[in-house]
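Notes for the structure review
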Amino acid sequence: VRRQRQMCIRDRADGASSEIELSGTLISGTDYYFVVGPCSLENGFTITFYNSEGKAWSRVGTNPASLKSGHILDLGTSTVGNFSSCELIDGVYHIYDADGLVEWASKKDVLTKDVVIENDINMSGKPWIPVGTNLTDGFSGDFDGNNKTISNLSIDDNSSGNVGFFAGLSQSAKVHDVTFSGAVVEGGSSSYSGVVAGNSLGIVENCRVNTSSVSGNYAGALVGNNSRQVNNCNVSNVEIDASYSGGGIAGVSYGKIEYCTVSGSDTKIIASGLSASAGGIVGQTSQEGDIATSGRLLKCAVDGITVSGSWAGGIAGENGFGVVAQCVVTHSSILHDVTNASSCRIGGVVGYNSRGDIIASYSAFSIVGEGGLTSEAIGGIVGYNYSSAAQVYGCYSTNVSLLGNATESGKGAIAGYNSSGHVISCYAVLPQGVTGITLIGKGTAAEHSVE
């Protein structure tokens, strides 16, 4: 036995617990003492022993106890039984290693019980079947990563379903404070694919994905489809290969994505084929019914990545009915590899703003297009601003290089082409030595803007 841990659960209004840990080799038959402040243990206490492999055995107390000043409470003798990689304590699964993670996934109550990851876990050589099925038959508990890392997760599923660590997250689910490193997620041509979840109606928060790859129809580093919320997540050095819509955070988003970042020179987000969408944060945004907060990308940042798609943008490939607000793109490359360029729309922030709003967003020191490449529309902020409902407001671009040729729709420092939309209170600073590029390449003129 290498260490002993006692959980002291205090009866406090916030429901917090305290933890005391004794590390080292414990000798059988020896008495050990913990010095603690006075407290009342309404729900008892738990002592957990770990062996050298990180597996655990727990003795769970249920009787209330009172710890008094100057008094020794004798906890008696603990006879350690079989160590486990996965144990249920007070209705919560505690997972200690890869075997425990696999064991947990096989439990009948895997979709409903809360989970805590206790150690970093290496999944090399461990087959993984995604947990859950879809948004209704998905994981519905609290998955607490406890700031640990799950590395080398590998999923190869050519089905048309949802592919990821979780296939689906239900409405009450929350996944938080976990890092996935070295993951490989391969979904089918009709799948929603993501490292954390294929399809999500839950909350994904404070999660990180690095040095990983995801493929599928809708593919994102975190989730294939976000129908609720992704907050404070970070992605670096990932490869996304989508057959229809790919993003650094989500393939498609009907929900809200806020305070997320995507970075790394090895990050490449590619959506292949005509009308395929690729974005540094999300491939496509849209609204979920009449929910006002859906389809929102707020205060997200992208730096140093490559995005390629028919409709490609530093933040979103297509912004349909959504809102992109206070987002930043720097030092990134946005392009496409489609030979038929008649509908390729690429922009520093959004490729194709069909019916959404782009507000107070910024692109800088990026490259949109490339020499010899022909596109329909090329813009420092948006490639193609489509309908009367499409608005670009309070945005600016600085030192964004607009390369290659544009067809009839044009090339502009803010918008390549502004159909019947609105471009209001925007300005741009062209790279040194570049002249002849106006705020709007072609179409409806900008309003109250500065060239």
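Refer to the structure printed above.
What this report covers is the structure whose coordinates are included nearby. This is a predicted model, so every value here is computed, not measured.

1. Some thoughts on the pairing of strand E28 (residues 282-285)
Pairing between strand E23 (residues 250-253) and E28: three bridges, direction parallel. In the sheet register, Val 252 faces E28, and the bridge partner there is Gln 284. With three bridges joining them, E28 and strand E33 (residues 316-319) adopt parallel strand pairing. Residue pairing in the sheet places Thr 285 in a bridge with Asn 319 of E33.

2. Let's talk about the packing of aromatic side chains
Scanning the model with the defined rule gives 19 aromatic pairs in all. A ring pair is formed by Phe 143 and Phe 165, whose centres lie 5.5 Å apart and whose planes are at 65 degrees; its orientation type is edge-to-face. One end of the pair, Phe 143, is in strand E11 (residues 142-151); the other, Phe 165, is in the loop between strand E13 (162-163) and strand E14 (166-169), with 22 residues separating them in the sequence. By relative accessible area, which is 0% here, Phe 143 ends up buried. Measuring from centroid to centroid gives 5.0 Å for Tyr 384 and Tyr 417, while their planes differ by 55 degrees, and the two rings are tilted. One end of the pair, Tyr 384, is in strand E43 (residues 382-385); the other, Tyr 417, is in strand E48 (residues 415-418), with 33 residues separating them in the sequence. The rings of Trp 104, Trp 128, Phe 139, Phe 143, Phe 165, Phe 166 and Phe 180 are connected pair by pair, giving a single aromatic cluster. Above the face of the Tyr 352 ring, Arg 345 is positioned so that its terminal group lies 4.4 Å from the ring centre. A cation over a ring is seen here: Arg 345 above Tyr 384, with NZ or CZ 3.9 Å from the ring centre.

3. Structural notes on the environment of Gly 314
In this structure, Gly 314 sits in the loop between strand E32 (311-313) and E33. Judged by relative accessible area, which is 1%, Gly 314 ranks as buried. Along the primary structure Gly 314 and Cys 327 are separated by 13 residues, whereas in three dimensions their C-alpha atoms are 9.5 Å apart. Excluding its chain neighbours within four sequence positions, the residues that come into contact with Gly 314 are Gly 279, Gly 280, Ile 281, Val 302, Val 329, Ile 334, Gly 347, Gly 348 and Val 349.

4. Focus on the side chain of Asp 144
As for its placement among the helices and strands, Asp 144 is situated in strand E11. Although Asp 144 is buried, it forms no salt bridge, and the closest oppositely charged side chain is Lys 148 at an N-O distance of 8.4 Å. Within polar-contact distance, the side chain of Asp 144 engages the backbone nitrogen of Asn 146 at 2.8 Å. For Asp 144, the residues in contact, after removing those within four places along its chain, are Val 115, Val 116, Ile 117, His 176 and Asp 177.

5. Some details on the sheet that holds E33
Pairing is parallel across the open sheet formed by 10 strands, whose spatial order is E14-E18-E20-E23-E28-E33-E38-E43-E48-E51. The open sheet has two free edges, formed respectively by E14 and strand E51 (440-443), since each of these has just one partner strand. Going from strand to strand, the sheet's axes swing by 10 degrees on average, the running direction of each strand aside. When strand E20 (residues 223-226) meets E23, the two strands line up parallel, connected through three bridges.

6. Here's the deal with the environment of Ser 401
Looking at the element boundaries, Ser 401 is found in strand E46 (residues 401-402). With a relative accessible area of 24%, Ser 401 lands in the partly exposed category. Not counting residues up to four positions away in its chain, the partners in contact with Ser 401 are Ser 366, Ile 367, Val 368 and Pro 431.

7. Considering the nonpolar core
Counting residues in hydrophobic clusters, the biggest one holds 90 residues, and the most contacted among them are Trp 104 and Leu 222. Each residue touching Leu 222, except ones within four places of it in the same chain, is listed here: Gly 194, Val 195, Val 196, Ala 197, Val 204, Cys 207, Val 209, Val 230, Cys 233, Val 235, Gly 248 and Ile 249. By size, the runner-up hydrophobic cluster in this structure holds nine residues, among which are Cys 39, Phe 45, Phe 49 and Leu 67.

8. Brief notes about helix H1 (residues 98-105)
The set of residues buried in H1 consists of Ala 98, Gly 100, Leu 101 and Trp 104. Along H1, the residues classed as buried sweep out an arc of 160 degrees about the axis, all on the same side. Buried positions along H1 lie against strand E7 (86-89), strand E8 (92-95), strand E9 (114-117), strand E10 (121-122), E11 and E14. In this structure Asp 97 caps H1, since a side-chain oxygen of it lies 3.2 Å from the backbone nitrogen of Asp 99.

Parameters at a glance
Residues numbered from 1 in each chain as written. Predicted model: local features only at pLDDT ≥ 70, side-chain atom pairs only at ≥ 80, totals over all residues. Heavy atoms only, no water. Pairing = 2+ DSSP bridges. Helix = DSSP H or I, 4+ residues; strand = E, 2+ residues; numbered from the N terminus. Phe/Tyr/Trp six-rings, centres within 6.5 Å; stacked < 30°, edge-to-face > 60°. Buried < 20%, exposed > 50% of the residue type's maximum accessible area, 1.4 Å probe, protein only. Lys NZ or Arg CZ within 6 Å of the ring centre and 35° of its normal. Contact = heavy atoms within 4.5 Å. Lys, Arg positive; Asp, Glu negative; His and termini not counted. Salt bridge = Lys/Arg side-chain N within 4 Å of Asp/Glu carboxyl O. Polar contact = N/O pair within 3.5 Å; in protein donor to acceptor, adjacent residues only side chain to side chain. Axes fitted to C-alpha atoms, helices over the stretch in contact; angles between N-to-C directions. Core = buried A, V, L, I, M, F, W, Y, C linked by side-chain atoms within 4.5 Å. Arc of directions from axis to C-beta.

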